[in-house]
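# A closer look at the structure
Residue-level listing of the chains:
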Amino acid sequence: MGWVRVLGLVIAAGLLHLALIQPNHPGAMTWGALRLFPLELPAVLLLLVALPRAASRPVRALLVALLMVIIVLKLADFAMFTAFNRSFNPVADWTLATAGLRLLKGASGWLALIAAVCAALLLFGLAAWALWWATGRWASLEPSGRLRPAVAFAASLAAAYAIAEIGHTTRAWQLPGNPPGTAFTARVGIEKLRTVQKTVEDLRAFEIAAQQDRWTGRKPLLDRIDTDVLIIFVESYGRSSIDVPRYATSHRATLSRAQQALGDAGVAMRSGYLEAPTRGGQSWLSHATLANGLWIDGHVRHAAVLASERQSLYHLASSAGFRTAAVMPGITLDWPEGLRMGFDTLLAAKDLGYQGQAFNWVTMPDQFTLAAMDRVFASSEGPVFAQVALISSHAPWVPVPKMVPWEAIGDGRVFDEMATSGDTPEAVWRDRERVRDQYRDSVDYALQAALGYAAKRADDPPLIVLLGDHQAAPFVAQSESAHVPIHLIGPPEIVSLTAEWGWTQGLVPAPDAPVWRMDAFRDRFLDAFSSSIVAQGSG
C-alpha cells in the first residue's frame, strides 16, 4: 500500500472523526472536543472494510445519510441551546427555521438572507460529498477472503462496545469499567428518537386534556369587570429585569416611577411572577399557554390546541359580551390561527396605520401600537378584551425608540429619525456586552410605553394585565430562570378582587412573591372575576 493511499485513509478517518465528535451544545465547543474518541469510529471503519463490493454503495449511502441527519440535528441542538437553552425537538421545532429566516431578513436584509441560505446549502453539499469520499476510501480496502470474516467480527465487537457505552451512560446497564471513549453521536440519535416518541405520546395526552374544561357552558363569566381588559405582553421581559443588577437598576427605577404616578392617580397595582413555557423566543407559546390554561411548550401542542374545541380566555370573554381583539404589530403575513384563538378583530401590522420607518425587524414602536389601538377601539361598542403583543424589545434590539408626547405620535413618521439612528445590528452583535446594553434599553422603553399608556388612561382605567412573554436568551438574560413578572393594573375595586392571590402591592414584585405556572393564570383570572364562581363557593 503506497503512502498516498495511506494518507488518504488517514484523512478519511479524520473526516469521519470530526463528524462523530461534532458538539451539539455551545459549552462543548472547545479545542478539548478534538481529543474525544468516538467509539462509533472503529465500528464504522471496520464495517466499511468488511463490506463485500456488491453491498458497498448502498451501505455507504445509508451511512452518509444517517451521519448527515445527525449533523443537522446537532446543529439544530446547538442553535436551540444558544437561543432557548433547550435541545431541538424534531417533531415540534422545524417551524422555527422559517421564523429565524424572517428575523435574519429583518435584521440584515434579503441579500444577507439569500447569502446565508446559499452558504448553508453549499456547506451541506460539501459535507455530504466529503463523507461519501471518506467512506469510499475505507470501503476500497480489499481484505483477503479468510480475513474478511475476522474484520466483520471485529466490527461487530466494536459496535457492541459502542452500544454498551450508551447503555452504561444512560444507566440501562453497567460495564465493569469506564470505556476509553464515548458513543456520543449514536446517543444523540437515540435521544432524538426517544424525544419523538415522547412528543407523540404527550400530544395524545394533551388532546384529551384540551377536551376537558370546567368552564364550558358556565355563566355568568367575567361579570365582575365593567371596563376594558388589556392583556399586554412585553417582549423578552423576564425576571432578570428585577433580579439582575445590570438590568434591575434601570427597570426597577422605571417601575417605581410609574408606581408613584399611577398611585397618585388612584390606580391600583399588584405584581407577581409566572413561569413561562419558553425562553429566548417563541412568544406565541406563552400567549397560547396563558389564554388556554394548558402548558403549551412546543409547536405540536400549539397546533393541537388550535385544532381542538378548547375555549380560550378570549372565546369565554366573547361569550361574556366583550369585543375581543388581538393587537399584533409583529404579524406581517396572513394569520388564520388568530380566528381560531377566539378573536373577533385582528389588528396586524398593516391594520394599525403606521407610516413611519421600521426599526429593523420591529415594524413600529410600542408607543405607536398602543396609541393606534386606542384610535381603533374609540368607536367600539361595549367593553374590549384584547391581547396586545408589544415588540420593541424583540431582538436584535437595534435601534431603540424614545418616548414622544402622546399627542405628537400622529401616523408614526415622528419616529423616522430614531429608526435610522445608531449602529447597525451587525455592528452591535459583534460585542455581547453591547447586545446586553441594547436589550436593557429596549425593555426599559417598552415598560415606559406600556406604563405611560396606563397613566394616560388613569381617568377611566382599563384592567391591564402587563407581563413578560419570556426571558431573553440565557447569554442576554444572564439567568437560567423561566420566570416573568406580571402586573395587574386597574380600578381599585376590581384589582382588590385578587387580594387572595398574595401578589405584592405595587409594580415591583417582592423576592418571595408567588410564582405560578403560566397555564394556571386563566382559571384563577376567571375565578376572581366571575360571580357564578363566588355564588357556588358561598353555597
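Residues numbered from 1 in each chain as written. Predicted model: local features only at pLDDT ≥ 70, side-chain atom pairs only at ≥ 80, totals over all residues. Heavy atoms only, no water.

Before going further, it helps to examine the overall build of the protein. Across its full length, the protein carries 21 helices and nine strands. Based on the C-alpha atoms only, the size of the protein along its principal axes is roughly 95 × 60 × 40 Å. By the burial criterion, 52% of the 539 residues in the protein qualify as buried. At a minimum sequence separation of 6, the contacts of the protein that also span at least 24 residues come to 75%. A total of about 24400 Å² of accessible surface is found on the protein, and carbon and sulfur atoms cover 60% of it. The distance from the centre of the 46 positive side-chain charges to the centre of the 47 negative ones in the protein is 12 Å. (Helix = DSSP H or I, 4+ residues; strand = E, 2+ residues; numbered from the N terminus. Buried < 20%, exposed > 50% of the residue type's maximum accessible area, 1.4 Å probe, protein only. Contact = heavy atoms within 4.5 Å. Areas by Shrake-Rupley, 256 points an atom, 1.4 Å probe, with all protein chains shown as cover. Lys, Arg positive; Asp, Glu negative; His and termini not counted. Charge placed at Lys NZ, Arg CZ, Asp CG, Glu CD.)

Between helix α1 (residues 3–21) and helix α2 (residues 40–50), whose axes approach to 10 Å, the crossing angle comes to 140 degrees. One finds that α1 runs oblique with respect to α2. As for the relative orientation of α1 and α2, their crossing is right-handed in sense. Contact residues: A13, L16, H17 and L20 in α1; E40, L41, V44 and L45 in α2. Residue classes in the contact of α1 with α2 are distributed as six nonpolar, one polar and one charged. (Axes fitted to C-alpha atoms, helices over the stretch in contact; angles between N-to-C directions. Parallel < 35°, antiparallel > 145°, perpendicular 65-115°, else oblique. Left-handed = near helix turned anticlockwise from the far one by under 90°. Nonpolar A, V, L, I, M, F, W, Y, C, P; charged D, E, K, R; others polar.)

Applying the stated criterion across every chain, the model contains 20 salt bridges. Between D77 and K192 there is a salt bridge, with its nearest N and O atoms 2.7 Å apart. Placement of the pair is D77 in helix α3 (residues 53–84) and K192 in helix α7 (residues 184–210), with a sequence separation of 115 residues. Note on accessibility: D77 and K192 belong to one class, buried. Between D523 and R214 there is a salt bridge, with its nearest N and O atoms 4.0 Å apart. Here D523 is found in helix α20 (residues 521–529), whereas its partner R214 is found in the loop between α7 and β1 (229–234), with 309 residues between them in sequence. On the basis of relative accessibility, which here comes to 23%, the residue D523 falls in the partly exposed class. Put simply, R246, E433, R436, D437, R440 and D441 are held in one network by salt bridges that share partners. (Salt bridge = Lys/Arg side-chain N within 4 Å of Asp/Glu carboxyl O.)

On inspection of all chains with the given rule, the structure shows 16 aromatic pairs. When the centroid spacing of 6.4 Å and the interplanar angle of 55 degrees are considered together, the rings of W406 and Y453 count as tilted. Here W406 is found in the loop between β5 (384–389) and α15 (416–419), whereas its partner Y453 is found in helix α17 (residues 432–456), with 47 residues between them in sequence. Each member of the aromatic cluster is reached from another via a ring pair, and the members are Y314, F322, F343, F385, W501, W503, W516, F521, F525 and F529. When the ring centre of W132 is taken as reference, the NZ or CZ atom of R60 above it lies at 3.7 Å. Over the aromatic face of W516 sits the side chain of R524, whose NZ or CZ is 4.2 Å from the ring centroid. (Phe/Tyr/Trp six-rings, centres within 6.5 Å; stacked < 30°, edge-to-face > 60°. Lys NZ or Arg CZ within 6 Å of the ring centre and 35° of its normal.)

On to α7, then. Relative to the 39 Å expected for 27 residues at 1.5 Å per residue, α7 spans 38 Å between its end C-alpha atoms, a close match to the ideal helical length. Buried within α7 we find F184, T185, R187, V188, G189, K192, T199, F206 and A210. (Expected span 1.5 Å × (residues − 1).)

A volume near 680 Å³ is recorded for the second largest pocket. Every element with two or more residues in the lining of the second largest pocket is listed here: α2, α3, α6 (147–169) and α7. At eight residues, the largest contribution of residues to the lining of the second largest pocket is made by α3. Of the residues assigned to the lining of the second largest pocket, the class counts are 21 nonpolar, two polar and two charged. (1 Å grid on protein atoms, 1.4 Å probe; cavity = no way out; pocket = protein on both sides within 12 Å on 5 of 7 lines; lining within 4 Å. Points joined across faces, edges and corners; volume = space filled by probe spheres on them.)

With that settled, the discussion passes to the environment of W429. Along the polypeptide, W429 turns up in the loop between α16 (425–428) and α17. Setting aside residues up to four positions removed in sequence, W429 forms contacts with A395, P396, W397, V435 and F475.

Within the fold, S530 resides in the loop between α20 and α21 (531–538). Reaching out from S530, the side chain makes a polar contact with the backbone nitrogen of L222 at a distance of 2.9 Å. Among the polar contacts made by the side chain of S530, one reaches the main-chain carbonyl oxygen of L526 at a distance of 2.8 Å. (Polar contact = N/O pair within 3.5 Å; in protein donor to acceptor, adjacent residues only side chain to side chain.)

Let us now look at the environment of L193. Position of L193 among the secondary structure elements: in helix α7. Taking relative accessible area as the criterion, L193 reaches 62% and is therefore assigned exposed.

Within strand β2 (residues 268–275), seven of the eight residues are buried, which leaves it mostly tucked inside the rest of the structure. Sheet analysis places β2 next to strand β7 (residues 483–490), joined by eight bridges and oriented antiparallel. Residue pairing across strands places S271 opposite H487, the latter belonging to β7. Of the pairings in the sheet, the one linking β2 to strand β8 (residues 504–505) comprises two bridges and is antiparallel in character. Within β8, the residue paired with R270 across the bridge is Q505. (Pairing = 2+ DSSP bridges.)

A few words on α20. Residues F521, R522, F525, L526, A528 and F529 constitute the buried set of α20. Considered in projection along α20, the buried side chains sweep an arc of 165 degrees and stay on one side of the axis. (Arc of directions from axis to C-beta.)

A few words now on empty space enclosed by the protein. The final tally for this structure, using the stated rule, is one cavity of 30 Å³ or more. Taken as a whole, the largest cavity encloses approximately 40 Å³ of empty space. Along its surface, the largest cavity is lined by F359, V362, S392, H394, P396, W397, V398, P399 and P401. The class makeup of the residues in the lining of the largest cavity is seven nonpolar, two polar and no charged.

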